[in-house]
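If you want the building blocks of each chain, they are given just below.
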Amino acid sequence: KAKEVLKYCESVYETKRRPTSTVTAGEVKIGSDHPITLQTMTTAMTTDVEGSIDQVMRCADAGADLVRLTVQGQREANACQEIKNGLLKKGYKTPLVADIHFAPKIAMQVADSFDKIRVNPGNFADGRKSFEEKNYDDETAYQAELDYIEETFTPLVLKCKENNVAMRIGTNHGSLSARTLSYFGDTPKGMVESAFEFARICRKHDYHNFLFSMKASNPKVMVQAYRLLAAEMYAEGWEYPMHLGVTEAGEGEDGRMKSAIGIGTLLQDGLGDTIRVSLTEDPWLELDPCSKLKAIADKQRETKVWTDAVPTWRETARNFKEFSQRQGDLPVQQEDDKIDLRNVLHRDGSVIQAVSLEALSSPDQLYYDLGCKTAVGMPFKDIATTDSLFLRQLPPIGADKERTALRRLQEVGVGILAPAAELEARPLDNSIAVLTLDEVKAGAKVPECAARTAISVRGDEDEATLAALEGNDAVM
């Protein structure tokens with residue numbers, strides 16, 4: 001149903017931030033009424049008080065709104081108050097977040113000194129992982145563990161409520177409890193339900209100063225989990241904020257790309273109120289990609305692409321809970337084709353690159369930029385090569401160097417697209433003529449030099465105009 005498609009975000013037409021409650025950590029406000037906050041995590045041993053203080057200050061100076069520290073045991077917990085006091089003496093009020101695993105008693109102690117506690121539902125009360133598979137066929141055994149979780153978690157909830165300390169209920173893909181795995185498997189559904197078990201305990205005690213995270217090292221799984229989380233919160237009428245992040249994204253370009261794919265996708269959905277780009281680098285270096293993602297999201301919300309959405313159109317086909325590739329027909333070679341046109345699109349997703357007349361004036365550089373292999377100055381197409389080019393302007397008749405470059409690219413399977421009017425004025429054999437949908441509807445003529453056609457749409461056409469696409473043999 002179309003209504004179900006819209007559940008996971010405010011709008012599929014534009015980036016519109018999901019309304020949330022406000023979570024307060026120290027002096028920092030997190031939620032839709034406030035700017036997206038940036039986070040990072042220290043790499044120094046928490047028992048190294050001076051080293052931790054230095055890293056927190058460097059992160060704050062780089063733009064961190066909150067900084068998280070791992071608190072594994074008693075020694076780290078004892079150091080937390082010293083770190084907090086040391087920062088205050090140096091004039092730093094940056095909220096500190098304690099990362100807690102397997103240690104409810106430690107969390108209780110740190111709630112007296114830090115501003116926010118992160119708990120992992122997969123191991124907070126269920127104990128250290130034994131890697132032993134368990135089956136919970138008996139609902140009584142399943143409920144018994146839920147009762148134990150409530151008994152173990154409730155003191156921390158009450159402590160955080162009393163001290164006005166914030167909490168992140170942070171589920172990790174790959175660290176779900178044996179009980180959750182038995183019922184749901186290592187799935188986004190299991191991640192969400194695991195977090196909701198803890199959230200229900202918070203709500204039972206009228207504690208609402210918490211938010212959720214659904215982290216995974218695979219951006220695809222991460223996006224699925226967060227969208228499902230949002231959908232389930234819409235269904236429940238909950239408005240808790242979200243902390244976005246890709247776990248162990250890595251370093252360099254790979255880590256930044258994985259984070260951009262996962263975090264960026266959700267920010268485009270209007271989801272996410274605080275973000276961390278997790279890199280295996282110095283923690284202050286995470287703030288630059290964090291800031292860039294936030295800036296893109298802020299700009300996207302301000303940019304209204306859909307000025308007048310089509311009132312008759314409703315999305316009914318896409319299931320946001322899973323990913324599947326849209327199926328389409330690739331170009332088929334015809335008997336009278338003078339060049340091979342089967343590779344102007346790719347089955348795994350096509351790359352179409354805009355090229356200027358200036359770029360055509362340097363063929364060798366153009367071939368390199370397009371990802372072509374070359375031999376004796378001749379281009380060859382491989383898996384990394386752009387599939388097709390789009391030229392708003394074609395080189396004039398007589399521009400032999402530029403036209404030869406285009407012809408050589410065509411001969412190795414690179415498609416050349418240009419507006420139909422441009423092809424009429426400056427014919428280029430075996431090209432693909434681009435027509436607007438309005439031109440198709442009006443019966444526009446296809447240039448004789450064109451081997452195929454492509455149709456461009458704006459996205460705001462009504463159904464009567466879109467009907468002109470039916471029965472059309474355009475390749476795209």
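An account of the accompanying structure is given in this report. Keep in mind that what you see is a predicted model, and the values were worked out from it rather than measured. (Residues numbered from 1 in each chain as written. Predicted model: local features only at pLDDT ≥ 70, side-chain atom pairs only at ≥ 80, totals over all residues. Heavy atoms only, no water.)

Re the sheet that holds strand 15 (residues 415-419)
As summarised here, the arrangement of the five strands in space is 11-14-15-16-17, forming an open sheet in which the pairing is parallel. Both edges of this open sheet fall to strand 11 (352-354) and strand 17 (450-456), since each of them pairs with a single strand only. Ignoring which end each strand starts from, the neighbouring axes of this sheet average 30 degrees apart. Note that strand 16 (residues 431-436) and strand 17 share six bridges and pair parallel. Note on strand 17: the bridge partner recorded for Ala433 is Thr453. (Pairing = 2+ DSSP bridges. Helix = DSSP H or I, 4+ residues; strand = E, 2+ residues; numbered from the N terminus. Axes fitted to C-alpha atoms, helices over the stretch in contact; angles between N-to-C directions.)

What to know about the pairing of strand 9 (residues 243-250)
Burial analysis of strand 9 places seven of its eight residues in the buried class, the great majority of the element. Direction of pairing for strand 9 relative to strand 10 (residues 274-279): parallel, over a ladder of five bridges. Bridge pairing in strand 10 links His243 to Thr274. After leaving strand 9, the chain enters helix 9 (residues 252-268) and then returns to the sheet as strand 10, a path that is right-handed. (Buried < 20%, exposed > 50% of the residue type's maximum accessible area, 1.4 Å probe, protein only. Right-handed = clockwise from strand over helix to strand, strands pointing away.)

Concerning the sheet that holds strand 8 (residues 210-215)
With parallel pairing, eight strands are arranged side by side in an open sheet as 8-7-6-5-4-3-10-9. The two strands at the open ends of the sheet, each matched to only one other strand, are strand 8 and strand 9. For this sheet, the mean inter-axis angle between neighbouring strands, taken without regard to orientation, is 20 degrees. Direction of pairing for strand 4 (residues 66-70) relative to strand 5 (residues 96-100): parallel, over a ladder of four bridges.

What about the environment of Glu10?
With respect to the helices and strands, Glu10 occurs in the loop between helix 1 (2-5) and strand 1 (23-25). Sequence separation of Glu10 and Asp115 is 105 residues, and the distance between their C-alpha atoms is 30 Å. Contact partners of Glu10, with chain neighbours within four places excluded, come to Lys16, Arg17, Arg18, Pro19 and Tyr234. In this structure the side chain of Glu10 is engaged in a polar contact, spanning 2.7 Å, whose partner is the side chain of Tyr234. (Contact = heavy atoms within 4.5 Å. Polar contact = N/O pair within 3.5 Å; in protein donor to acceptor, adjacent residues only side chain to side chain.)

Some details on the environment of Leu156
On the secondary structure map, Leu156 appears in helix 5 (residues 139-163). A residue is classified by how much of its surface remains accessible, and Leu156, at 1% relative accessible area, is buried. With 49 residues separating them along the chain, Leu156 and Ala107 place their C-alpha atoms 7.1 Å apart. Ignoring sequence-local partners within four residues, the contact set of Leu156 consists of Ala107, Met108, Ala111, Ile117, Val119, Phe124 and Met167.

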